Structures are given as C-alpha cells and as structure tokens.
Amino acid sequence: MCAAGPELALEDAAFAVANEPSWGPWRALALQLYGSICRLVGDDDSARRAFVEACATAPKMGNTGALLVSEAELAILAIEAGHWRAAEEHADLALEAIDASHMEGYSTAAMALAVAARIAIHLGESARAERYLARAMRARVQCTFVLPFVSLKVRLQLARAFVEIGDHVTAMHLMREMQELLHRRPNLGLLREETEALQRRIERMSGWSGAIPLTPAELRLLPYLQTHLTIGEIGARLFISRNTVSSEVGSIYRKLNVTARSAAVERAIAVGLLGE
C-alpha cells in the first residue's frame, strides 16, 4: 500500500477481510485497513460499512487502535455529509476509548482528537477545541510515513481546524509536513487531491504561495521577532543557544529577502506567516 498505491492494496485488504473469520483476532484491523483504502479510491459506501463492522468487532478483541481510526473515519464521513451530530457521537466514542485504554499520544488517537477539535470549533466551544488541538498536535508527532494514510489524514484534519480558527501559520506548517509525507509516499489516492485542494484554499486566504520554505525551527522562532526580546532572550525562551538563534534569524532574513528585523516581520505578515 505504501509503495504501490491503494488500488493494488485494495485487493490484499479485501482478501484479508474475506479470509479472517468473524472471531479472528485480526478482523477488526483488516476491516479498518480495508475501509481506509476504500476511502483512498473514493468508495465511501464500502468504507462506511467496513468501519461500522470494525467498531462493533474491535472491542471484543481489544483492538483499540482499529476502533479509534474507524470511529474517527466515520466522524469525518459524517462531517462531509453535514451530519455534525452523528460526527460528535462517533468522536465521543473514540475519546472515551482513548481515556479508557490510556491511548493518549498514540498515532491512532491523533485523528480522533483532531476530528473532535473540528467538532468543538463547529459548536463554538473554543476552550474544548484548544484542548483537543493541543493533544492532537502532540500525538501527530508519532504519525510518520510508516502509516502515511493515517498520518496525512491527521494533518489534514488539524490543518482544517486551524484554518477554521484563523491560524494560517500553523495550518501552513502542517501543510509542509503533508508535502514531506507525500514526497516519501506519493501514491495515496484521493488524499493527495484533498491535500492539494486545501493548500490552494490556504493560499487564497493567506496570500501564501509556498515559496518561502521556513523550517519548523524557524517557524517557531519567527513570532518572537514581533516582540521586544533580544536574541539572547529569545534563545532562553526556546531553550537554544544565542548562536543558534542568530543563525536561524539570518536564515529567515535570507529566505524573506530582507536585512532587518522589522522588515522580516512586515514580509512575514504580508505572505501570511504571521498575524498582525
């Protein structure tokens, strides 16, 4: 699936579902993987059926990971259909499973937390949304190219959440992470199209063209250039040396094509990397 694309993987996943018995320990995982691959090729009806069965089967076998991904996927399907109440019910079941099974920080929990944040934003519950976003952002670190279809979808949901609250800087940072994942795992079906569509949306809203490739470290430092803090004080805040700060500031200046701190801030605001 990771190398050859979803079409070939779909055959293998269908074989696994057909041959793993209802009482088998791997059936819930087979169903969840089959549903995830169906989503990549646009077969949402088959995906929904697989996720529903996975949710019913996973608790019996103690397969919390398959349950979390399946409930989150069902929540996303409900959001896409405009059924926010149903989405909330699926997300709540996933959140309960995270707490009951102590799955905080796991890659399979990240998607459920990201979806829960989007639902909280939709309901106008900003404090709850912030808590879920913080938890999901921590968990996303475990989402690597090893499970690219999960890792990319986690970041898509997070980026959409940050766009919805007007935080385009974090959304663009997540977009860069998605581009890195797609560089490693390009054959991800419709997820690639979703990523490209979201990038175009962010570009229209922020004026960002993706042509200024600041590193994660530089993006963390950039907001401090808006403050009165000295280079040494910024280093203390970020727990890095003064020399490291100076090096990163110099790199930011080169990438923004400026020579002064105030000009860097103005340029970053103009391209949507900073808010005013």
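Summarised in this report is the structure supplied together with it. Everything numeric in this text was worked out from a predicted model, so none of it was measured. (Residues numbered from 1 in each chain as written. Predicted model: local features only at pLDDT ≥ 70, side-chain atom pairs only at ≥ 80, totals over all residues. Heavy atoms only, no water.)

### Things to note about the environment of Glu96
- On the secondary structure map, Glu96 appears in helix H5 (residues 84-101).
- Distance from Glu96 to Leu68, taken between C-alpha atoms, is 9.7 Å for residues 28 residues apart in sequence. (Helix = DSSP H or I, 4+ residues; strand = E, 2+ residues; numbered from the N terminus.)

### Quick look at helix H1 (residues 6-19)
- With 14 residues, H1 extends 20 Å between its outermost C-alpha atoms, agreeing within 8% with the 20 Å of an ideal straight helix rising 1.5 Å per residue.
- Residues of H1 that are buried include every one of Pro6, Ala9, Ala13 and Val17, and no others. All buried residues of H1 fall inside an arc of 80 degrees around its axis, so they share one side. Seen from the open side of H1, the exposed residues pointing more than 90 degrees away from its buried face are Glu7, Glu11, Asp12, Phe15 and Ala18.
- On its buried face, H1 is in contact with helix H2 (27-40). (Expected span 1.5 Å × (residues − 1). Buried < 20%, exposed > 50% of the residue type's maximum accessible area, 1.4 Å probe, protein only. Arc of directions from axis to C-beta. Contact = heavy atoms within 4.5 Å.)

### Some words on the pattern of salt bridges
- Applying the stated criterion across every chain yields a total of 17 salt bridges.
- Close ionic contact of Asp99 with Arg135 constitutes a salt bridge, the shortest N to O distance being 3.7 Å. Here Asp99 is found in helix H5, whereas its partner Arg135 is found in helix H7 (residues 126-140), with 36 residues between them in sequence.
- Asp99 gets classed as partly exposed once you look at its relative accessible area, which sits at 48%.
- Assessed through its relative accessible area of 17%, Arg135 is described here as buried.
- Two residues, Glu125 and Arg128, come together in a salt bridge whose shortest N-O distance is 2.4 Å. (Salt bridge = Lys/Arg side-chain N within 4 Å of Asp/Glu carboxyl O.)

### Some points on the packing of H1 against H2
- For the pair H1 and H2, interaxial distance at closest approach is 9 Å and the crossing angle is 150 degrees. In terms of orientation, H1 and H2 fall into the roughly antiparallel class. Pair H1 / H2 crosses with left-handed handedness. Along the contact surface, H1 presents Pro6, Ala9, Leu10, Ala13, Ala14, Ala16 and Val17, while H2 presents Arg27, Ala30, Leu31, Tyr34, Ile37, Cys38 and Leu40.
- Of the residues assigned to the contact of H1 with H2, the class counts are 13 nonpolar, no polar and one charged. (Axes fitted to C-alpha atoms, helices over the stretch in contact; angles between N-to-C directions. Parallel < 35°, antiparallel > 145°, perpendicular 65-115°, else oblique. Left-handed = near helix turned anticlockwise from the far one by under 90°. Nonpolar A, V, L, I, M, F, W, Y, C, P; charged D, E, K, R; others polar.)

### Overview of the packing of aromatic side chains
- The final tally for this structure, using the stated rule, is zero aromatic pairs.
- The ring of Phe145 has Arg184 sitting right over it, with the charged end atom 3.7 Å from the ring centre. (Phe/Tyr/Trp six-rings, centres within 6.5 Å; stacked < 30°, edge-to-face > 60°. Lys NZ or Arg CZ within 6 Å of the ring centre and 35° of its normal.)

### A short note on the side chain of Ser70
- Mapped onto the fold, Ser70 is located in helix H4 (residues 64-80).
- Residues within four places of Ser70 in sequence aside, it is in contact with Gln32, Phe51, Ala54 and Cys55.

### Some details on unusual backbone geometry
- A positive phi angle, close to 55 degrees, is found at His102, a residue other than glycine.
- On the secondary structure map, His102 appears in the loop between H5 and helix H6 (107-122).
- Although it is not a glycine, Asn257 adopts a positive phi angle of roughly 60 degrees.
- As for its placement among the helices and strands, Asn257 is situated in the loop between helix H13 (242-256) and helix H14 (261-270).

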